[in-house]
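The lines below spell out each chain.
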Amino acid sequence: SAPMNGDGATRNLTEDNRAWDTQPVLSPDGKSLAYLAMKRPGFEADRLHVMVRDLASGKTRELAPGWDRSPSSLTFAADGQSLLANATDVGNKTLWRIDLSGGDPIKLTGPGYVSSVDVGPGRTVFASDSLASPSEIYALKDGESQPRQLTRLSQPQLADVEMGEYEQFSFAGARDETVYGWVVKPAGYQRGKRYPVAFLIHGGPQGSFGNHFHYRWNPQTYAGQGFAAVFIDFHG
């Protein structure tokens with residue numbers, strides 16, 4: 001923390017943690033600070049844990065310590081009683097609610113890639129894309145389970161574009177652990193016909209291939225040229 005007028009010393013609020021702390025957000029009442037923290041120093045691909053600090057007392061606690069997802073960002077709900085987090089989730093990036101009072105995180109969205117989240121009166125607004133659609137804006141009313149699409153910004157550009165159908169698959173990998181992969185079928189796919197395969201490999205080492213309309217590496221560019229695009233969400 002640092003004085004906003006520049007008068008005074010800065011203070012390290014998380015000096016006890018030698019690993020990475022990131023994504024701080026203030027609660028609506030200004031009394032609490034939520035942030036994401038890794039636990040292993042020097043290991044940049046560690047899971048991010050959800051932390052909440054009482055700014056008056058300095059007392060810090062972890063929310064959902066047994067949750068096996070790694071959030072990308074945090075946003076306080078309008079009432080300040082819960083946090084909204086988007087997290088990589090078996091090849092998707094889904095939206096979750098984490099109550100400050102405890103309990104397991106609750107998944108709010110289905111397949112797709114939630115990339116940005118904000119809150120408004122009575123609803124949550126977020127951007128989401130998939131292997132078949134660029135990012136669009138959606139709204140989810142409090143208490144409802146089905147988001148409503150607000151924008152169709154790419155509709156004119158995609159009016160004459162045929163996307164390849166896609167599906168996820170899995171197999172047993174090293175140590176007999178489950179590894180997931182995806183295939184995007186060629187545009188105009190005909191059952192029973194043989195097609196060449198484009199096997200896509202991502203960099204990393206901790207990158208992830210999933211249900212995401214990537215603007216740099218996009219499997220649909222191969223599907224549009226008659227390839228079946230196959231890509232594995234490598235683990236380990």
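Refer to the preceding data block for the structure.
Here the structure is a predicted model, which is why all the values come from computation and not from measurement. Counting restarts for each chain: residues are numbered from 1 in the order of the written sequence. This being a predicted model, a pLDDT of at least 70 is required before a residue's local features are given, and a value of 80 or more before pairs of side-chain atoms are given or counted; all residues contribute to the totals for chains, interfaces and linings. Only hydrogens and water are removed before side-chain values are computed, so all heavy atoms of the structure are retained for them.

(A) Structural view of the overall build of the protein. Counting from the N terminus, the helices are the DSSP runs of H or I reaching at least four residues and the strands are the DSSP runs of E reaching at least two. Helix and strand counts for the protein come out as two helices and 16 strands. By principal-axis analysis of the C-alpha atoms, the protein measures approximately 70 × 45 × 35 Å. Any two residues whose heavy atoms approach within 4.5 Å are treated as being in contact. When contacts within the protein are restricted to residue pairs at least 6 apart in sequence, long-range pairs at least 24 apart make up 38% of them. Areas reported here follow the Shrake-Rupley algorithm with a probe of radius 1.4 Å; residue values treat only the protein chains shown as occluding. As presented, the protein carries roughly 14200 Å² of accessible surface, and 50% of it is formed by carbon and sulfur atoms. Computed over 23 positive and 26 negative side-chain charges, the separation of the two mean positions in the protein equals 2 Å. Here the positive residues are Lys and Arg and the negative ones are Asp and Glu; neither His nor the chain ends is included. Where a charge lies is defined by one atom per residue type, namely NZ (Lys), CZ (Arg), CG (Asp) and CD (Glu).

(B) Seen up close, the sheet that holds strand β2 (residues 32–37). Strand order in the open sheet formed by four strands is β1-β2-β3-β4, and the pairing between neighbours is antiparallel. What marks the edges here is a single partner per strand, and that holds for β1 (21–26) and β4 (60–63). Between one strand axis and the next, the sheet turns through 25° on average, direction left out of account. For two strands to pair, DSSP has to find at least two bridges joining them. Bridging between β1 and β2 involves four bridges; their strand directions are antiparallel. The partner of Leu-26 across the bridge, within β2, is Leu-33. Geometry is summarised by axes, namely lines fitted to C-alpha atoms with helices restricted to the contacting stretch, and by angles between N-to-C directions that run from 0 to 180 degrees.

(C) Highlighting the packing of aromatic side chains. Two rings belonging to Phe, Tyr or Trp (six-membered ring only in the last case) form a pair when the distance between their centres is within 6.5 Å. Interplanar angles under 30 degrees mark stacking, angles over 60 mark edge-to-face geometry, and anything in between is tilted. Inspection of every chain in the model, using the stated rule, returns seven aromatic pairs. The interplanar angle of 45° and the centroid separation of 6.3 Å between the aromatic rings of Tyr-166 and Trp-182 together place this pair among those described as tilted. A residue pair is termed long-range when its members are at least 10 positions apart, and Tyr-166 in strand β13 (residues 166–172) and Trp-182 in strand β14 (residues 178–184) qualify at 16 residues. We call a residue buried when its accessible area falls under 20% of the maximum for its residue type, exposed when it is over 50%, and partly exposed in between, using a 1.4 Å probe and counting protein chains only. Judged by relative accessible area, which is 31%, Tyr-166 ranks as partly exposed. What makes Trp-182 buried here is its relative accessible area of 4%. Their ring planes at 65° and their centres at 5.7 Å tell us that Phe-213 and Tyr-215 sit as a pair that is edge-to-face. Relative accessible area serves as the criterion here: at 11%, Phe-213 is assigned to the buried category. By relative accessible area, Tyr-215 is classed as exposed at 60%.

(D) Inspection of the pairing of strand β5 (residues 71–76) at higher detail. Where burial is concerned, most of β5 is hidden: five out of the six residues are buried. Sheet analysis places β5 next to strand β6 (residues 82–89), joined by five bridges and oriented antiparallel. Its bridge partner being in β6, Leu-74 is matched across the sheet by Ala-85. Taken together, β5 and the strand that follows it, β6, pair antiparallel across an intervening segment of five residues, in which Gly-80 is found at a positive phi of about 75°.

Any link to function would need more than the numbers given here.
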